[in-house]
Amino acid sequence: WGRYVVDCGSQSAQRAKKAFEMHFAGKVVEWTGVLTLLSGDTAKVLMSPTEAHYSRSDVTIKIPKNLKHLPGEQGWRQGASCTFRARLRKAGRVRNHQLELVPPDTHVSPFTWIAFLQNCGAAAQHEASDRFDRFYRNQPVHWIGRVLKMQDIAIPKRHHKTIPRELVICVADIEIFPSAPERATLKIQYDCAHLIPVLREAHRAQHPISFEGTLRARDPLKIRVFNAQFHLGPVPTEPLEAHIHPCILRPDTHSIIPACTHTATTTTPTSTSGSTTTAKEDPSLYPSSLSHPHTHTHTHPHP
């Protein structure tokens, strides 16, 4: 559960936004792209590599009144390559990334377009959803939680004899231990109707339950339950913050990477042998002048 929250939880979904606010907002960059539009106080530029799948530009540059002469002086022509020096104002989501043109003598930060794209681009912003689809969707989990609310789904009597096995007849909101901002919705289908009394009694007595199911959706988190029982042992209380690694700035490429995650141990959740495989990060990612960071091991679910 702690690994899931780090990979696919709300904090993970906000990681690109925090990276922009901490490392890129307000910084002046000098990038080169193809000018696709120059109109009034607005210029639009297509970058390489590009994420402009539905438009003809990646960045929108606001041109202040006192700098309207710059595009002409620097030879900007629509459809041609142009180099611009601008201040990062806002990371785009559906819209372009927003920048503001600055005087040519302004000090430039050493952030490349590729470094910005890796940390704040569309792929980074949808990293949590992409990771859920690749590693967690339809995977089995065995977690412990507390039922917060239950709701029966009314089925007309005329359908009781012909009710499909995959039809959801009850849902339960649950808090999973250790506690996190995320809440899960357990979906009880017709073929698991015998679990409803267990969940209802756990809700009445506020007793922890141990449940097994498959992950169906990320936002909100939905789990199809196929087994549940009262949990008789201690519940996990370790703070989830212990699983969350801070981000550091790579000095060689000026891109952000998670700290202390250079050796990843991959564990298959459904494996009975308990075997693990270890994949080390390519040492070429680090400049020769820097020593390799210390090794840290963490687990990743395997698709």
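The model shown is predicted, which means the values in this text are computed figures rather than measured ones.

## Here's the deal with the side chain of Arg218
- Residue placement: Arg218 occurs in the loop between strand 9 (209-217) and strand 10 (221-230).
- The side chain of Arg218 sits in the buried core without any salt bridge; Asp219 is the nearest counter-charge, 4.2 Å away.
- The residues touching Arg218, leaving out its near neighbours within four places in the chain, are Tyr4, Cys8, Gly9, Ala13, Ala128, Ser129 and Phe132.

## Here's the deal with the sheet that holds strand 2 (residues 42-46)
- Ordered in space as 1-2-3-5-4, the five strands form a closed barrel in which the pairing is mixed. Between one strand axis and the next, the sheet turns through 55 degrees on average, direction left out of account.
- Sheet topology note: the strand 3 (residues 59-62)/strand 5 (residues 97-101) ladder contains four bridges and is parallel. Following the sheet pairing, Ile61 is matched in strand 5 by Leu99.
- Along the sheet face, helix 5 (residues 113-120) touches strand 1 (28-39), strand 3, strand 4 (81-90) and strand 5 and points at about 140 degrees away from the line of strand 5.

## Details of helix 8 (residues 196-205)
- Of all the positions in helix 8, only Ile196, Leu199 and Ala202 are classed as buried. All buried residues of helix 8 project into a common sector of 130 degrees when viewed along the axis, lining one side. Set apart from the buried face of helix 8 by more than 90 degrees, the exposed residues are Pro197 and Arg204.
- The inward-facing, buried residues of helix 8 abut strand 6 (140-152), strand 7 (168-176), strand 8 (184-189), strand 9 and strand 10.
- Positive backbone phi, at 55 degrees, marks Gln206, one or two positions downstream of helix 8.

## Structural notes on the side chain of Thr185
- With respect to the secondary-structure elements, Thr185 resides in strand 8.
- When its relative accessible area of 17% is taken as the criterion, Thr185 is described as buried.
- A distance of 3.4 Å separates polar atoms of two side chains, one belonging to Thr185 and the other to Asp173.

## A short note on the packing of aromatic side chains
- Considering all chains together, one arrives at twelve aromatic pairs under this definition.
- Taking the centre distance of 6.2 Å and the plane angle of 75 degrees together, the rings of Phe20 and Phe116 count as edge-to-face. In this pair, Phe20 sits in helix 3 (residues 15-24) while Phe116 sits in helix 5, placing the two residues 96 residues apart along the sequence.
- Assessed through its relative accessible area of 7%, Phe20 is described here as buried.
- Taken together, a centroid distance of 5.6 Å and an interplanar angle of 50 degrees make the contact between Trp31 and Phe116 tilted. Of this pair, Trp31 sits in strand 1 while Phe116 sits in helix 5, and the two are 85 residues apart along the sequence. The same class applies to Trp31 as to Phe116, namely buried.
- Taken together, the ring pairs connect Phe20, Phe24, Trp31, Phe84, Phe111, Trp113 and Phe116 into an aromatic cluster.

Scoring rules and cut-offs
- Residues numbered from 1 in each chain as written.
- Predicted model: local features only at pLDDT ≥ 70, side-chain atom pairs only at ≥ 80, totals over all residues.
- Heavy atoms only, no water.
- Helix = DSSP H or I, 4+ residues; strand = E, 2+ residues; numbered from the N terminus.
- Buried < 20%, exposed > 50% of the residue type's maximum accessible area, 1.4 Å probe, protein only.
- Lys, Arg positive; Asp, Glu negative; His and termini not counted.
- Salt bridge = Lys/Arg side-chain N within 4 Å of Asp/Glu carboxyl O.
- Contact = heavy atoms within 4.5 Å.
- Pairing = 2+ DSSP bridges.
- Axes fitted to C-alpha atoms, helices over the stretch in contact; angles between N-to-C directions.
- Arc of directions from axis to C-beta.
- Polar contact = N/O pair within 3.5 Å; in protein donor to acceptor, adjacent residues only side chain to side chain.
- Phe/Tyr/Trp six-rings, centres within 6.5 Å; stacked < 30°, edge-to-face > 60°.

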